[in-house]
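Coordinates in review
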Amino acid sequence: MALGLNFNNLATLISLALVCCVAFLASVKDTTPRITRLIGVSLYHAYKFVNTRYGFMRSAIAKAPLFQFWVVGKRVIGLSGDSGRRLFFGQKVTIVMQAYVPLISVQGLKFDQAYSELNFPSPEVHADNFNVGGAECDCSGQDQDPELFSRRLQLLLSDTRVSAILPALLDDIHSQTRHFAHEGSFNPFNDVYNTVFRMTVRMASCRSLAEDNQCLNQLGSLYEELNTTCTALGIIAPWLPIWGASRRTKIVQEMSQIVGKFVVERSQSEALQVGEDTIDILLCDGMDILGVVNFVMRLIFAGTINTGMNACWLLMFLAKDTTWKDKVTSEILQIISKHTTLPATSPLHRRLSSIPVNAWENDMPLLDQAIRETLRLVMAHVTGLRKNVLQDISFGDVIIPRNSFLAYVFADAHLDPNIYTEPLKFDPDRFSPARSEEKKAPHAYLAWGSGRHPCPGSRIAKLELRIIVAYFLAGYDFELVDRNGAPLIEVPEPNYDTLSVLRPMREVFLKYTANPAVIL
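Residues numbered from 1 in each chain as written. Predicted model: local features only at pLDDT ≥ 70, side-chain atom pairs only at ≥ 80, totals over all residues. Heavy atoms only, no water.

Scanning the protein from terminus to terminus reveals 20 helices and 13 strands. Buried residues in the protein amount to 54% of all 520 residues. In the protein, 72% of the contacts between residues at least 6 apart in sequence involve partners at least 24 apart. As displayed, the protein has an accessible area near 23,100 Å², and 54% of this comes from carbon and sulfur atoms. (Helix = DSSP H or I, 4+ residues; strand = E, 2+ residues; numbered from the N terminus. Buried < 20%, exposed > 50% of the residue type's maximum accessible area, 1.4 Å probe, protein only. Contact = heavy atoms within 4.5 Å. Areas by Shrake-Rupley, 256 points an atom, 1.4 Å probe, with all protein chains shown as cover.)

Time to look at the packing of helix 8 (residues 188–204) against helix 14 (residues 289–320). Viewed as axis vectors pointing N to C, helix 8 and helix 14 meet at an angle of 145°, and their least axial separation amounts to 8 Å. The hand of the helix 8/helix 14 crossing is right-handed. Residues that form the contact of helix 8 with helix 14 fall into these classes: 18 nonpolar, 5 polar and no charged. (Axes fitted to C-alpha atoms, helices over the stretch in contact; angles between N-to-C directions. Left-handed = near helix turned anticlockwise from the far one by under 90°. Nonpolar A, V, L, I, M, F, W, Y, C, P; charged D, E, K, R; others polar.)

Right, let's talk about a nonpolar patch on the surface for a bit. On the surface, Val-41, Leu-43 and Tyr-44 cluster together to form a nonpolar patch covering roughly 340 Å² of accessible area. With a relative accessible area of 58%, Leu-43 lands in the exposed category. (Patch = residues over 30% accessible without salt bridge, like charges linked within 9 Å, V, L, I, M, F, W, Y side chains within 5 Å. Salt bridge = Lys/Arg side-chain N within 4 Å of Asp/Glu carboxyl O.)

Moving on, we get to helix 10 (residues 213–228). End to end, helix 10 covers 23 Å across 16 residues, agreeing with the expected 22 Å (1.5 Å per residue, within 8%). Within helix 10 the residues assigned to the buried category are Cys-215, Leu-216, Leu-219, Gly-220, Leu-222, Tyr-223, Leu-226 and Asn-227. End-on view of helix 10: buried residues confined to an arc of 165°, all on one side of the axis. Of the exposed residues in helix 10, those oriented more than 90 degrees away from the buried face are Gln-214 and Thr-228. (Expected span 1.5 Å × (residues − 1). Arc of directions from axis to C-beta.)

On to the pattern of salt bridges, then. Applying the stated criterion to the full structure yields 25 salt bridges. Arg-202 is the partner of Asp-172 in a salt bridge, and the nearest nitrogen-oxygen pair spans 2.7 Å. Note that Asp-172 is positioned in helix 7 (residues 159–176) and Arg-202 in helix 8, a separation of 30 residues in sequence. Of the residues examined, Arg-202 reaches a relative accessible area of 3% and is grouped as buried. Here Arg-372 makes a salt bridge to Glu-438, at a shortest N to O gap of 3.7 Å. Of this pair, Arg-372 sits in helix 18 (residues 365–378) while Glu-438 is found in the loop between helix 19 (411–414) and strand 10 (449–450), placing the two residues 66 residues apart along the sequence. In this structure Arg-372 comes out as partly exposed when scored by relative accessible area, which is 24%. Judged by relative accessible area, Glu-438 falls into the buried class, the value being 15%. Salt bridges sharing common partners tie together Glu-373, Arg-376, Asp-427, Asp-429, Arg-430, Arg-435 and Glu-437.

With that settled, the discussion passes to the packing of aromatic side chains. With the rule as written, the count across this model stands at 25 aromatic pairs. A centroid spacing of 4.8 Å and a plane angle of 20° characterise the contact between Phe-180 and Tyr-512, whose relative ring orientation is stacked. Residue Phe-180 is found in the loop between helix 7 and strand 5 (183–186), and its partner Tyr-512 is found in strand 13 (residues 509–514); the two are separated by 332 residues along the sequence. Note on Phe-180: relative accessible area 13%, which makes it buried. By the ring-pair criterion, three or more aromatic residues cluster together here, those being Phe-180, Phe-186, Tyr-471, Phe-472, Tyr-476 and Tyr-512. One Lys or Arg, Arg-372, reaches over the ring of Tyr-445 and ends 4.4 Å from the middle of that ring. (Phe/Tyr/Trp six-rings, centres within 6.5 Å; stacked < 30°, edge-to-face > 60°. Lys NZ or Arg CZ within 6 Å of the ring centre and 35° of its normal.)

Here we come to the sheet that holds strand 12 (residues 476–481). Read from one edge to the other, the open sheet built from 3 strands follows the order 5-13-12, with strand pairing classed as antiparallel. Strands with a single pairing partner mark the edges of an open sheet, and in this sheet they are strand 5 and strand 12. The sheet shows a mean angle of 25° between the axes of neighbouring strands, direction not considered. Summarising the sheet, strand 12 and strand 13 pair through 6 bridges and their orientation is antiparallel. Paired with Phe-478 across the bridge in strand 13 is Tyr-512. (Pairing = 2+ DSSP bridges.)

Averaged over the protein, the pLDDT score is 84; the fraction of residues at 70 or greater is 80%. Low confidence marks residues 1–33, where pLDDT is under 50. Its contacts with residues over four positions away, or in another chain, come to 3 contacts. Residue range residues 93–112 is modelled with pLDDT below 50. Its contacts to residues more than four positions away, or to other chains, number 73 contacts. (pLDDT = per-residue confidence, 0-100.)

The subject of this paragraph is the packing of helix 15 (residues 322–339) against helix 20 (residues 458–475). Contact geometry for helix 15 and helix 20: axes closest at 9 Å, N-to-C directions at 100°. Here helix 20 runs roughly perpendicular to helix 15, going by the angle between their axes. Contacts between helix 15 and helix 20 pair Lys-325, Val-328, Thr-329, Ile-332, Leu-333 and Ile-336 from the former with Val-469, Ala-470, Leu-473 and Ala-474 from the latter. Partitioning the contact of helix 15 with helix 20 into residue classes produces 8 nonpolar, 1 polar and 1 charged. (Parallel < 35°, antiparallel > 145°, perpendicular 65-115°, else oblique.)

A separate point is unusual backbone geometry. With a phi angle near 45°, Glu-422 is a residue other than glycine that sits in the positive phi range. Looking at the element boundaries, Glu-422 is found in the loop between helix 19 and strand 10. Here Glu-422 falls in the exposed class, since its relative accessible area comes to 52%.

Take helix 14 next. Along its 32 residues, helix 14 runs 46 Å from first to last C-alpha, staying within 8% of the 46 Å computed at 1.5 Å per residue. A large share of helix 14 lies buried, amounting to 31 of its 32 residues. One side-chain oxygen at the N-terminal end of helix 14 lies 3.2 Å from the backbone nitrogen of Leu-290; it belongs to Asp-288. (Polar contact = N/O pair within 3.5 Å; in protein donor to acceptor, adjacent residues only side chain to side chain.)

Examined against the element boundaries, Phe-472 turns out to sit in helix 20. The buried category is assigned to Phe-472, whose relative accessible area is 5%. C-alpha of Phe-472 to C-alpha of Ile-173: the two residues are 299 residues apart in sequence and 9.4 Å apart in space.

Structure follows, in structure tokens:
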């Protein structure tokens, strides 16, 4: 009997010990920090992330401030809040920053590697597919290093070059609006967007291409068609032989032939020298022909898709907010009066071109506030992407694994009511010195990049926005209407879930009347 008691006691003690051990291990497991994995099928998450990225990211953030999912076998970690922005925009070395250039790709460990892997293939032609009329030329396509890319971009943005090309940019605006009658209406996403395309081609290539209407129209048509080939399936399953992917490759080749013709002509010129044309500047800096073609195409795509849609939305917001439209118009007229020496009988674009660049960049605070507010609202749909390319990163109590991607949707800051009062309202005064709402939190304004990663092309983008708005405000009075000419009560909501240009949910027009006091 004593043996039985001892055996039972021992069994009881072992059982109690096992229960305690399991409980302890469970408690340890429960306290281990984890990145929340979104519930559901990975393929579904990948499709939603690609096809309706804004809505997907906003919905995920509402469930968990730090989450992860997979896109075609690639781990993507979604960030939010102040700490997420500090990691995304402030990391020094271990993460490569991505700018908003969804159609641009540089291979290898480059500034937009995340986009090349999670978005559409680059509008880039390779040596084996490049031939311009049988011309023999150096087409190795070298010089893809991002630091070299940035250095050459700065050559194009020097004070001397920007001042030299300013009159030609205003000529482009004038030529694109020459068909306007004394009064009428236009769709900004056609007329204004096409104007920006011409200006961007001039800034990114050469005068001869920008003023060759046949080539420019062909290039513009191909560019628009390229945007229509953007589909979610093309990203999720790039290996499938779908028509859009093959057509996209063909379009890029056709565009490269148009650009390449002008590059080859300039490279064979005995009078080649550094001037105001980008192609000449790049060739004189030692870039080969294929490298110049790809460089030019990157600039055209990045410049048009961003500046084009921002210019359209800026005019729409000002058309609806007459108080701010009057403020900015008054500021522009004062600048014209102060800086131009041409008489009032001179055409408006000539008078505007006589204003020095430093005045455009420093003497229009109200216009700059309106631009900043427009981009706050318009760029809210952007999801920045970065790839951790070097080593694991400690982020609070969790680890960001090497080779994982980080995603941050700008709306997390731009539409945060704790940062911006009434965040969905167009209110440029929020950027006045007295309010400065963007200073309430770190990296709270992201439209031109932030922290260590500013947008390298922001100078020319801002200048193009300023001169477009100045021309329309000084030359016309306009209001926002629908297709039938009926005034709109408010600016339509943006279609934030888009793979291409951010357009309003409904078609809009600007109804205009020419200013009789101005020669257009």
